Amino acid sequence: MKKYIECIIVALLCSWGAAAQIVFNENLPVDPHLHYGILPNGFTYYIYPLPGTGAVNLKLVTKIGSVVEDQDELGLAHFLEHMTFEGTKNYPHDSGSKILQAYGLVSGSDFNAATSFDDTQFDIKNIDANDSTMLPNALHIIKDWACNLTLEDKAIDKERSIVEEEWRTSHDYGQRLADSLCRSLLHGTQYASRFPIGSMKIIRNFKPSLLREFYRKWYRPDLQAIIVVGDIDAARVENEVKMLFGSIPSPASAPVRKQVAVPDHKGIDYNLFVDDEAPSSDIGIFFLHDKISPEMMLKKECYRREAIGLLSTTLLSLRLLEQSSKAECAYSSATCTDGAFLIAKHKAALALIAMGKEGMTAQVMEQLLTEARRAQLYGFTADEINRAKRYFITNVDNQLKEVNTLKRTDYTAALVDHFEGESDLCGFETSLRLMREIVENHVTADDINSYLRTHIKADNVSVSISGPKKDGIAYPTKQDVERRFSAIFSSTPPPYEEKVRENPIVDHTPAAGQVLESSRDSLSGITSLVLSNGMRVLLKPTNFKNDEIRLNGYSPGGYNVYKGTHDIALRAMNAVIEGSALGNNSITMLEKQLLAKNVSLYFNITPSKETFVGKSGNADFETMLQLLYLYFTDVRKDPQSFNSVKSNLASQNSQIANNPSHIFQDSVTSTLYPGYIYYKDLLPAEIQSIDYDEVLQLYRERVANPGDYVFTLVGSFNVDSIVPLINKYMASIPDNGVREVKMTPTPMRHGRFTNAFSTPMATPKSTIDIEYFGPMKWTTQNELMIDMLQGVINDELNQKIREEEASSYGVKVMCDINETMPVFVIACSFDTNNEKKDELLAITRKYFKSLTSKGVSQEEYNKVYNQQVNQYYFGLQSNDFWVYTLYLRTLGINYERDLNASLGTMSNLKFNLFIKSLRLNDELTTVMEGLPKKQ
């Protein structure tokens, strides 16, 4: 549980009373709600009841990944994962998937599988607990995945091409970098040569008997576990699990599943990877050390060691963050962590990770090591440590408030960690309370300051540097790296000097406004306010989260108000405003002040509107409104941050220029919006010419009229208790009386148009995006049917292109209606090999022509209709649903009422009439063909 607690807290944890006595050598307790056991055949089960959640998640874990493969088996573990959905003994062909889809579950999001180096995991999520047949059927299906794959020759041969297309799609710069890191820094281990996707030569040519033998050899009960989490009768499910999975036979003889050890090494291992398509310059410095032993992981002492490490790495991360706001800093972002070394499960590393500015990787390494050396020599100040502890404690307290609202996926992930020897079973609340007590009362400054002295050294270190391959950019050699390590670790940098001026966030008391109008919809519980400055506020109290308040604000306007003028300032506005001072606080000072608070707020300008998005806990709701007040009334220049923003933009835009994904997305935008200046990347000369005064002037115009804004608040609040704060910080914002009531549409291309081009690629492939547009008024019923249509197109196009043609890893589909302009969009995109691009494009166009003339079958209708019912049912129980619902209320749409009515009156006849009414006259296509790079 500890490992997963670290993830959900990020970095953990005023007072909690007198220090409790902790026996650190004592074993951790087991969560009493958990049903856990190992059956006689070796199969492990975890069953965790979450009453009242209305749904159940299943996960099958097999401790078999690519590291167990022999040289002639490269890729078979991953290939087996694919074959799960191609037929089992009791569910031939794809009948198992069809049963799950008939219940309204969506392939990919609700049921799926994934293979890593060390395991393969299978999921069936969002099982309706109120359907008496659904969970038993899902358990039988997942049991068949564990031991009854049919692995028919024909199905295997069809899947070969699909796996190869997955390789083609995934073998981009990121994957090549990962391959390089593993081969170099994990050399001599299975991790260096056992990438899950495998060898395409083997995938094309292995004999089916080899796959069947691999399945027989490794898919066995002593390496498997079932995890059941949700609204269940745990005792009844435990009996069913014992009966089902206890019957899986154990093989008479089986190979030992060996763990992959990563040995220590002398000196510095160095990996340099430069690539034409690199979108960034990345630096990683890894100080290797042993992981906590499995035996220690079950004791309370483990939590103390983890707390010291988390506090220490957080403190160093905060120093690195502070440096990043300076223009002379060579990196745009950096952090310090301590965890698994790359993908190795049994070796740890304290890591310094940074994204560097172009051509400055050597300077980044030097700056990272200098800050680490400074902390190693002098430790951290008392103020820093106290601030970090407050931050940890605040985060733990926030997590404790939400223990009873954790998702089923949180529990399954924690239980997977235990099965794989990565965590304990004491439960979230016990883990959090123990960590809180340890951090507050059992971690000293000496503990923290000795941590880096122990872990940071110039031996047993691995360094990775990667970036774009360009003329004029030099990267350090191994000798350069060794020289810099030697120089810095023999140097004595000056001690850290903290410059914190504790200013109040708002240094005056605003003259409060008032609520002029108030009304409440008793059915939905939504309250509507009109404030004295014209601002509208919609409020929806919920109990889905115990300590979460979501704020969203919208105003018509955006780039399009300026009709192509001020393009440089407007394109830079989001980044510049995010780095500007609020009131008397620079961005650096503000970040430190907000460190121990549960609050965030961001401004964003788009083509047609301005938005604010924020989130806070109950205790920090006033702080969020104070930030909002300052965004409207007192954004100021922060010259140091502005120079850093410009430097980061220049580096980022230069580095992504040759990345195929960026080239393609930029081309799609040009296809859809020809000549639209506001979507273009800023060029180097444009970045240098950004006028801070112009940006601030335009920004102030966008927030000068709060009466244009509608804000929504959703979450754990009482309306009466927060209205005084709304009056103080929202109604008090001065208004200039100007109103922009209409959103100006972004000009689009019309008719049929194809933008086909080629570009050099390290792994050649073709990428296709085809989009249809047409007139459609936004109504709740139309929105429901366009969402159902997305499900139909996703199923049918993937059936044709992935399954029948076996020429793509998958088709991505998006259907939507613009709620502010009467236009629908149907978009689909996919990768394929160059030889098949024209054929697949023709198949896609033919499909859409057939779809709008014939409609869909009753079976397909039932499937997508049930999916929408499931999404509605579960959506009602989330703040996300109500954030969207209140946004639509700002447009005069009663979404939750109308959606319920539309679901009740929907029929296949009505759906097919809708499909046949679509006019696909505007067809905009982008085709990128990758060409082999010249050597």
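Residues numbered from 1 in each chain as written. Predicted model: local features only at pLDDT ≥ 70, side-chain atom pairs only at ≥ 80, totals over all residues. Heavy atoms only, no water.

**Details of the overall build of the protein**
Summing up its helical and strand segments, the protein has 30 helices and 25 strands in all. Across its three principal directions, the C-alpha atoms of the protein cover 80 × 75 × 65 Å. Looking at the protein as a whole, 59% of its 935 residues are labelled buried. By element, 51% of the accessible surface of the protein is carried by carbon and sulfur atoms, the whole surface being about 37,800 Å². (Helix = DSSP H or I, 4+ residues; strand = E, 2+ residues; numbered from the N terminus. Buried < 20%, exposed > 50% of the residue type's maximum accessible area, 1.4 Å probe, protein only. Areas by Shrake-Rupley, 256 points an atom, 1.4 Å probe, with all protein chains shown as cover.)

**Some thoughts on the environment of Glu 26**
In this fold, Glu 26 is placed in the loop between helix 1 (2–9) and strand 1 (35–38). Here Glu 26 falls in the partly exposed class, since its relative accessible area comes to 35%. In this structure the C-alpha to C-alpha distance between Glu 26 and Leu 298, which are 272 residues apart in sequence, comes to 8.6 Å. Those residues within four positions of Glu 26 in sequence are excluded, and the remaining contacts are Leu 298, Lys 299 and Lys 300. A polar contact of 2.6 Å, which involves the side chain of Glu 26, links it to the side chain of Lys 300. (Contact = heavy atoms within 4.5 Å. Polar contact = N/O pair within 3.5 Å; in protein donor to acceptor, adjacent residues only side chain to side chain.)

**What to know about the packing of helix 10 (residues 300–324) against helix 15 (residues 445–455)**
Put simply, helix 10 and helix 15 touch, their axes get as near as 9 Å, and they point 75 degrees apart. Viewed along their axes, helix 10 and helix 15 adopt a mutual orientation that is roughly perpendicular. Residues Arg 304, Ile 308, Gly 309, Leu 311, Ser 312, Thr 313, Leu 315 and Leu 316 of helix 10 pack against Asp 447, Ile 448, Tyr 451 and Leu 452 of helix 15. The residue inventory of the contact of helix 10 with helix 15, partitioned by class, reads 7 nonpolar, 3 polar and 2 charged. (Axes fitted to C-alpha atoms, helices over the stretch in contact; angles between N-to-C directions. Parallel < 35°, antiparallel > 145°, perpendicular 65-115°, else oblique. Nonpolar A, V, L, I, M, F, W, Y, C, P; charged D, E, K, R; others polar.)

**What to know about the UniProt feature "domain: Peptidase M16 N-terminal" (unreviewed entry) in the protein**
Mapped onto this structure's residue numbering, the UniProt feature "domain: Peptidase M16 N-terminal" (unreviewed entry) falls at residues 53–183. Taken end to end, residues 53–183 is 45% helix and 17% strand, and its first and last C-alpha atoms sit 45 Å apart. (UniProt positions renumbered as here; feature names shortened; annotations may be inferred.)

**Quick word on the pattern of salt bridges**
What the rule picks out here adds up to 59 salt bridges. The shortest N-O distance in the salt bridge between Arg 176 and Asp 275 comes to 3.1 Å. Of this pair, Arg 176 sits in helix 6 (residues 173–185) while Asp 275 sits in strand 7 (residues 268–275), and the two are 99 residues apart along the sequence. Classification of Arg 176 as buried rests on a relative accessible area of 11%. The residue Lys 863 makes a salt bridge to Glu 860 at a minimum N-O spacing of 3.4 Å. (Salt bridge = Lys/Arg side-chain N within 4 Å of Asp/Glu carboxyl O.)

**Considerations on the sheet that holds strand 21 (residues 752–761)**
Overall, mixed pairing links the 5 strands, which are arranged 21-25-22-24-23 in an open sheet. Two strands close off the open sheet at either side, each with one partner strand: strand 21 and strand 23 (812–817). Going across the sheet, the axis of each strand differs from the next one's by a mean of 10 degrees, ignoring polarity. Bridge analysis of strand 21 against strand 25 (residues 922–932) gives 10 bridges, and the strand direction is parallel. (Pairing = 2+ DSSP bridges.)

**Description of empty space enclosed by the protein**
Empty space within the largest cavity amounts to approximately 70 Å³. Lining the largest cavity, in full, are Thr 84, Phe 85, Gly 87, Thr 88, Tyr 91, His 93, Asp 94, Gly 96, Ser 97, Ile 141 and Trp 145. Secondary-structure elements contributing two or more residues to the lining of the largest cavity are helix 3 (95–102) and helix 4 (134–147). Of the residues assigned to the lining of the largest cavity, the class counts are 4 nonpolar, 6 polar and 1 charged. The volume enclosed by the second largest cavity comes to roughly 50 Å³. (1 Å grid on protein atoms, 1.4 Å probe; cavity = no way out; pocket = protein on both sides within 12 Å on 5 of 7 lines; lining within 4 Å. Points joined across faces, edges and corners; volume = space filled by probe spheres on them.)

**A short note on the domain arrangement of the protein**
Looking at the protein, the domain boundaries give domain 1 (41–247), domain 2 (268–490), domain 3 (515–730) and domain 4 (752–932). Between domain 1 and domain 4, the residue contacts involve 23 residues of the former and 21 residues of the latter. When the buried surface of domain 1 facing domain 4 is broken down by residue, Ile 162, Glu 165 and Arg 168 rank first, second and third, together holding 28% of it. Counting every contact that joins domain 1 to domain 4 gives 2 salt bridges. Our count for the domain 1 to domain 4 interface comes out at 10 residue pairs in polar contact (both at pLDDT 80 or more). (Domains from an automatic or database assignment. Buried area = accessible area lost by both parts, 1.4 Å probe.)

**Examining the environment of Met 761**
By secondary structure assignment, the location of Met 761 is in strand 21. Its relative accessible area of 3% is what places Met 761 among the buried residues. Other than its neighbours up to four places away in sequence, Met 761 contacts Glu 277, Pro 660, Met 928, Gly 930, Leu 931, Pro 932 and Lys 933.

**A closer look at helix 21 (residues 660–672)**
For helix 21, which comprises 13 residues, the first-to-last C-alpha distance of 18 Å matches the rise-based estimate of 18 Å (1.5 Å per residue) to within 8%. All of the buried residues along helix 21 are Pro 660, Phe 664, Ser 667, Val 668, Thr 671 and Leu 672. Along the axis of helix 21, the buried positions cluster into a sector of 130 degrees, meaning they face one direction only. Near the N-terminus of helix 21, the side chain that reaches the backbone nitrogen of Ser 661, with its oxygen 3.2 Å away, is that of Asn 659. (Expected span 1.5 Å × (residues − 1). Arc of directions from axis to C-beta.)

**Considering the packing of aromatic side chains**
This structure, assessed with the given rule, holds 43 aromatic pairs. Note on Phe 43 and Phe 245: the rings are 4.8 Å apart at their centroids and 20 degrees apart in plane angle, and the pair reads as stacked. You can see Phe 43 sitting in the loop between strand 1 and strand 2 (44–49) and its partner Phe 245 sitting in helix 9 (residues 234–245), a full 202 residues away along the chain. Phe 43 sits in the buried class, given a relative accessible area of 0%. Owing to a relative accessible area of 0%, Phe 245 belongs among the buried residues under this scheme. On the numbers, 5.8 Å between centres and 15 degrees between planes, the contact of Phe 485 with Phe 489 is stacked. Pair noted here: Phe 485 and Phe 489 are both in helix 16 (residues 478–489), with a separation of 4 residues, about one helical turn. Judged by its relative accessible area of 1%, Phe 485 is buried. Here the aromatic cluster, defined as three or more aromatic residues joined through ring pairs, consists of Phe 603, Phe 612, Tyr 631, Phe 632, Tyr 699, Tyr 709 and Phe 711. (Phe/Tyr/Trp six-rings, centres within 6.5 Å; stacked < 30°, edge-to-face > 60°.)

**Focus on helix 16**
The terminal C-alpha atoms of helix 16 lie 16 Å apart, and with 12 residues this matches the ideal 16 Å at 1.5 Å per residue to within 8%. Of all the residues in helix 16, the buried ones are Val 481, Phe 485, Ile 488 and Phe 489. For helix 16, the angular spread of the buried residues around the axis is 90 degrees, confining them to a single face.

**Regarding the pairing of strand 23**
Here strand 23 shows one buried face, formed by Val 813, Cys 815 and Ile 817, and one open face, formed by Lys 812, Met 814 and Asp 816. Here strand 23 runs beside strand 24 (residues 823–832); their pairing, made up of 6 bridges, is antiparallel. Its bridge partner being in strand 24, Val 813 is matched across the sheet by Cys 828. Counted along the chain from strand 23 to the antiparallel partner strand 24, the turn is 5 residues long.

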